[in-house]
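Structural description and commentary
If you want the building blocks of each chain, they are given just below.
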Amino acid sequence: MLTDEAGEREYTKIKVRIAPESFSDIIFGLALSIGSLILIQSQVLTWQDVAWNVLLFGFSFLVIAMTWLLFSRTISVLLVEVPSALFLNLVLLFCVALEPYLFYLLMSGATQYLLSFTSIGYALDVGIMYVILATLASLVLKQERTGRIGQRSKLHPMVLKRFRHMMVSEYVVGALFLVSAVPVFWVPTQIGHLRFVLWYSSFLIFFASHMLARRSESKKK
């Protein structure tokens, strides 16, 4: 039978485990909702404005939605007791909550200077988000290598392989966003500023690598 002190410790662990998951759902939901409100408030004069606003919102939605999916997949198997896990969760949620504000500044940037400055902040914010996601995935792999703190590993080898692939892809996306914040990438090209091109290409690389991994798994089966 548990003592009062041991029972209190177990209860605290349960609270700590449940709270981040519920809190994260609220933060992600608010981020998407605020993004929609920003789209509603934007000025529309022509159909090109509508298409451009929808395209921009689609990109912001993709960033938040992918972050939520990757975060949910990782946090479902990551023990709260793993050192720094809770801190990384909080930093990630802060960056997610900040994304709609930076997105709003991107949408309303009246001058090239303001757009350049805001895009640097957005690149750093999203880059940090994906580096944290990759770090959380690495913590999952680490906890499996140590046998879930003395217990037998519970994740299938195929699942672990997917986590390794996911971790590498997240590091690549995060690195491209962080590198794009360097001022030298604020140069115009035929398809937009080079900084934005790096943003778009990072997700193309992510999806392409995911499809290749899936195809490799199906061939092995």
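Up top is the structure these notes are about.
Residues numbered from 1 in each chain as written. Predicted model: local features only at pLDDT ≥ 70, side-chain atom pairs only at ≥ 80, totals over all residues. Heavy atoms only, no water.

1. A look at helix H3 (residues 85–107)
Look at H3: 33 Å from first C-alpha to last across 23 residues, which is about the 33 Å you get at 1.5 Å a residue. Of all the positions in H3, only Ala85, Leu88, Asn89, Leu92, Leu93, Cys95, Val96, Glu99, Pro100, Leu102, Phe103 and Leu106 are classed as buried. (Helix = DSSP H or I, 4+ residues; strand = E, 2+ residues; numbered from the N terminus. Expected span 1.5 Å × (residues − 1). Buried < 20%, exposed > 50% of the residue type's maximum accessible area, 1.4 Å probe, protein only.)

2. So, helix H6 (residues 157–180)
Under the 1.5 Å per step criterion, the end-to-end length of H6 is 35 Å for 24 residues, consistent within 8% with the ideal 34 Å. Inspection of H6 places Leu160, Phe163, Met166, Met167, Ser169, Glu170, Val173, Gly174, Phe177 and Ser180 among the buried residues, and these make up the whole buried set.

3. Considering the environment of valine 96
On the secondary structure map, valine 96 appears in helix H3. Here the alpha-carbon distance between valine 96 and leucine 30, two residues 66 residues apart in the chain, equals 9.5 Å.

4. Some details on the packing of aromatic side chains
Under the criterion given, the structure shown has twelve aromatic pairs. Here the aromatic rings of phenylalanine 28 and phenylalanine 71 are separated by 5.9 Å at their centres, their planes lie at 40°, and the arrangement is tilted. Placement of the pair is phenylalanine 28 in helix H1 (residues 4–41) and phenylalanine 71 in helix H2 (residues 47–75), with a sequence separation of 43 residues. Across this residue pair, the class does not change: phenylalanine 28 and phenylalanine 71 are buried. Ring geometry for phenylalanine 57 and phenylalanine 61: centres 6.3 Å apart, planes at 40°, overall tilted. With phenylalanine 57 and phenylalanine 61 both in helix H2, this residue pair falls four residues apart, about one helical turn. Residue phenylalanine 57 is classed as buried on the basis of its relative accessible area of 17%. An aromatic cluster is present here, built from Phe59, Tyr122, Tyr130, Phe177, Trp186, Phe196, Trp199, Tyr200 and Phe203 joined pairwise through their rings. (Phe/Tyr/Trp six-rings, centres within 6.5 Å; stacked < 30°, edge-to-face > 60°.)

5. What to know about the side chain of glutamine 143
Residue placement: glutamine 143 occurs in helix H4 (residues 112–145). Its relative accessible area of 4% is what places glutamine 143 among the buried residues. In this structure the side chain of glutamine 143 is engaged in a polar contact, spanning 2.6 Å, whose partner is the backbone oxygen of valine 77. (Polar contact = N/O pair within 3.5 Å; in protein donor to acceptor, adjacent residues only side chain to side chain.)

6. Description of a nonpolar patch on the surface
Together, Phe23, Leu86 and Leu90 make up a nonpolar patch on the protein surface, roughly 260 Å² of accessible area in all. Relative to the helices and strands, leucine 90 is located in helix H3. Overall, the relative accessible area of 47% leaves leucine 90 in the partly exposed class. (Patch = residues over 30% accessible without salt bridge, like charges linked within 9 Å, V, L, I, M, F, W, Y side chains within 5 Å. Areas by Shrake-Rupley, 256 points an atom, 1.4 Å probe, with all protein chains shown as cover. Salt bridge = Lys/Arg side-chain N within 4 Å of Asp/Glu carboxyl O.)

From the geometry alone we can't say anything about function, so treat these as descriptive.
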